[in-house]
Structure formats: C-alpha cells, structure tokens
Amino acid sequence: QVQLVESGGGLVQAGGSLRLSCAASGRTSSMYVMGWFRQAPGKEREFVAAISWSDLNRDYADFVKGRFTISRDNANNLVYLQMNSLKPEDTAVYLCAAGRTALSWKVVPTTWDHWGQGTQVTVSS
C-alpha cells in the first residue's frame, strides 16, 4: 500500500507563493504518475497538474499554466507543487495523487490509485 502525505499549505496573500510537498511511503517500487488536484468547498475536485515518472512530461490545467510548477524527486519519493502568483480562487484543499504506469514518459496514469488527505491553501485578497 502507498500512503501520500501532503504538507506546505497555509495562508498567503494574493500574489504570494507556496510550495506544496507530497511524501510517498509504503510500496513505491512501481512507476507512478504523480499529480495534484484541488477541491474547494462546494465544488468538484479538479485536476491541477501531473508529472510522468521520467520527468519528461508535465501537464497543467489551463488556470495554473505559467504560475504553478510540478516537480518530483523519485529517489526520495517526493513530489512538489510550486505555486506562484496565487489568486483567491486558488483557495482549496490540495490533494496529492499517484497512479501506476508501465511507461516512464506517460503523464496520464491507468488510474489514480492513491490519494493523500490534502493540505489547505488559503489565498486572501
């Protein structure tokens, strides 16, 4: 079983930055696409970003392009989300997710198999 634990959330002013971290533990020997999702109160969970195992490919939601950067450190089972130029509408619980893949370059997993509990990001206006 793989466990994912997010950290790095907090309260920031609009225009500020945060760096979220996701630490994976357990059975992490398989190749995983890693991703970030977010869910605001009363809204559906939405995709934010994903990164392939090989670090070759990244995918971003349109609303974060140019502002957020996803990265990973496979040796330490970590994935990051650097968030710059934060907006109040970015306020949400940010969730780390992992999905297995047989291809190191693939940015879309077979399924999103594992989820963290989330870390709260609040952006004040």
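Structure first, text after, so check above.
Since this is a predicted model, take the numbers as computed values, not measurements. (Residues numbered from 1 in each chain as written. Predicted model: local features only at pLDDT ≥ 70, side-chain atom pairs only at ≥ 80, totals over all residues. Heavy atoms only, no water.)

### Some thoughts on the side chain of His114
Where we set the bar: Put simply, DSSP H or I for four residues or longer makes a helix, DSSP E for two residues or longer makes a strand, and each gets a number counted from the N terminus. Any pair of residues with heavy atoms lying within 4.5 Å of one another is described as a contacting pair.
For His114, the position within the fold is in strand β10 (residues 114–115). Contacts of His114, omitting those with residues within four sequence positions, involve Val2, Leu4, Tyr32, Cys96, Ala97 and Ala98.

### Some remarks on the nonpolar core
To keep things clear, this is the line we draw: In these notes, a set of buried Ala, Val, Leu, Ile, Met, Phe, Trp, Tyr and Cys residues joined through side-chain atoms within 4.5 Å is what counts as a nonpolar core. Note on exposure labels: buried denotes an accessible area under 20% of the residue type's maximum, exposed denotes more than 50%, and partly exposed covers the range between, all computed with a 1.4 Å probe on protein chains only.
Met34, Trp36, Leu81, Met83 and Tyr94 are the most contacted members of the largest nonpolar core, which has 29 residues in total. Mapped onto this core, the elements with two or more residues apiece are β1 (2–7), β3 (18–26), β4 (32–39), β5 (46–51), β7 (68–73), β8 (78–83), β9 (92–100) and β11 (119–124). Every residue in contact with Met83, bar those within four places of it in the chain, is listed here: Gly16, Ser17, Leu18, Leu20, Arg67, Phe68, Tyr94 and Val121.

### Notes on the sheet that holds β7
Filter applied, for reference: Here, strands pair whenever DSSP counts at least two bridges between them. Every axis corresponds to a line fitted to the C-alpha atoms, with the helix fit spanning only the stretch in contact, and the corresponding angles, defined between N-to-C directions, vary from 0 to 180 degrees.
Read across the sheet, 4 strands follow the order β1-β3-β8-β7 without closing on themselves; strand pairing throughout is antiparallel. Each edge of the open sheet carries a strand with a single partner, namely β1 and β7. When the angles between neighbouring strand axes are averaged without regard to direction, this sheet yields 15°. Relative to β3, β1 runs antiparallel, the two sharing 6 bridges. Within the sheet, the bridge partner assigned to Glu6 lies in β3 and is Cys22.

### Some thoughts on the pairing of β8
Examined bridge by bridge, β3 and β8 share 6 bridges and lie antiparallel to one another. Paired with Ser21 across the strands is Tyr80, a residue of β8. Bridge count for β7 against β8 is 6 bridges, and the pairing is antiparallel. Note on β8: the bridge partner recorded for Asp73 is Leu78. The antiparallel hairpin formed by β7 and β8 contains 4 residues in its connecting segment, where Asn77 sits at a positive phi of about 55°.

### Here's the deal with the pattern of salt bridges
So the rule is basically this: Basic side-chain nitrogens of Lys or Arg form a salt bridge, by our definition, when they fall within 4 Å of a carboxyl oxygen of Asp or Glu.
Tallied over the entire structure, the rule returns 6 salt bridges. A salt bridge links Arg67 to Asp90, with the shortest nitrogen-to-oxygen separation between them at 2.7 Å. Here Arg67, found in the loop between β6 (58–60) and β7, pairs with Asp90, found in the loop between β8 and β9; they are 23 residues apart in sequence, far enough to count as distant. Each member of the pair, Arg67 as well as Asp90, carries the same accessibility label: buried. For Arg100, the salt bridge is made with Asp113, and the minimal N-O distance between the two is 3.5 Å.

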